[in-house]
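Okay, here's what each chain looks like letter by letter:
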Amino acid sequence: MKPVVIVMAKAPVAGFAKTRLIPALGAEGAAALAASLLDAAVLHATRHGPVDLCCAPDTHHPAFQRLADTHGIVLSAQGEGDLGARMARAFERHLAQHGAALMIGTDAPSIDTTMLQRAAQALSDADAVFIPALDGGYALIGLRRPAPTLFTDMAWSTATVMARTRERVRAAGLRHTELPAVADIDEPADLRRLPPGWLP
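This is a predicted model, so every value here is computed, not measured.

Among the 6 residues that make up strand S2 (residues 51-56), 6 are buried, leaving the element largely enclosed by the rest of the structure. The alternating pattern of S2 places Val51, Leu53 and Cys55 on one face and Asp52, Cys54 and Ala56 on the opposite face, and all of these are buried. Note: strand S1 (residues 4-10) against S2, 6 bridges, orientation parallel. Bridged to alanine 9 within S2 is cysteine 55. Remark: the S1/helix H1 (residues 22-48)/S2 crossover connection has right-handed handedness. As paired elements, S2 and strand S3 (residues 74-77) share 4 bridges and run parallel to each other. Looking across to S3, one finds that cysteine 55 is bridged to alanine 77. Taking the sense of rotation as the criterion, the β-α-β connection linking S2, helix H2 (residues 62-71) and S3 turns out right-handed.

Have a look at this one:
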């Protein structure tokens, strides 16, 4: 059975999504790019297998509803707490149901269906799989069993996330594998890494 893909996503609202890109794109432009990234991430995830679109601040935004109607995917709310608490809660829910789960955000357009399939295959032989991000974080994490220590007291959105996660993986005795690193689109300088045609 294929692992469920959890897509962690913010509603593509101006001033709420991709705020670090506002200096380059403006609030509306950043939100429009966020919407395009969201659509692409969900499309690739649905081509892989079952999907939970895990939404912030809630599931009510029309973009979320449209994707649910179009693709027949599950919507859930991320809920309260920092990013780590929300990630851990989503994993706990799905590992109890499915036994394995992959989690992505919407910031790495190079994570396509093929990469999700590679990650799922790697997870069949390991406790955890990661696709690191070039900025020092990670763009995908997959687990076959709960690992709450990976998510607590982490300095998210910093260049140390992947390095600290590797330390915690070793401390937890998890067997893990990593696939090649990809670019996150977070800062104005990252826009040059977008595939052609993404910006007007």
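Another aspect to go through is unusual backbone geometry. Cis geometry is adopted by the peptide bond preceding proline 57, which originates at alanine 56 and carries an omega value of 0°. Tracing the chain through its elements places proline 57 in the loop between S2 and H2. The phi angle at lysine 18 is positive, at roughly 50°, despite the residue not being glycine. The class of lysine 18 is buried, set by a relative accessible area of 13%.

What follows covers H1. Counted at 1.5 Å a residue, the expected span for H1 with its 27 residues is 39 Å, but the 32 Å between its end C-alpha atoms falls short. For H1, the principal kink sits at glutamate 28 and spans about 80°. For H1, every residue scored as buried is listed here: Ala30, Ala31, Leu33, Ala34, Leu37, Leu38, Ala40, Ala41, Val42, His44, Ala45 and His48. For H1, the secondary structure elements touched by its buried residues are S1, S2, H2, strand S4 (101-104) and helix H4 (113-123).

Analysis parameters
- Residues numbered from 1 in each chain as written.
- Predicted model: local features only at pLDDT ≥ 70, side-chain atom pairs only at ≥ 80, totals over all residues.
- Heavy atoms only, no water.
- Buried < 20%, exposed > 50% of the residue type's maximum accessible area, 1.4 Å probe, protein only.
- Helix = DSSP H or I, 4+ residues; strand = E, 2+ residues; numbered from the N terminus.
- Pairing = 2+ DSSP bridges.
- Right-handed = clockwise from strand over helix to strand, strands pointing away.
- Expected span 1.5 Å × (residues − 1).
- Bend = angle between axes of the 7 residues up to and from the residue.
- Contact = heavy atoms within 4.5 Å.

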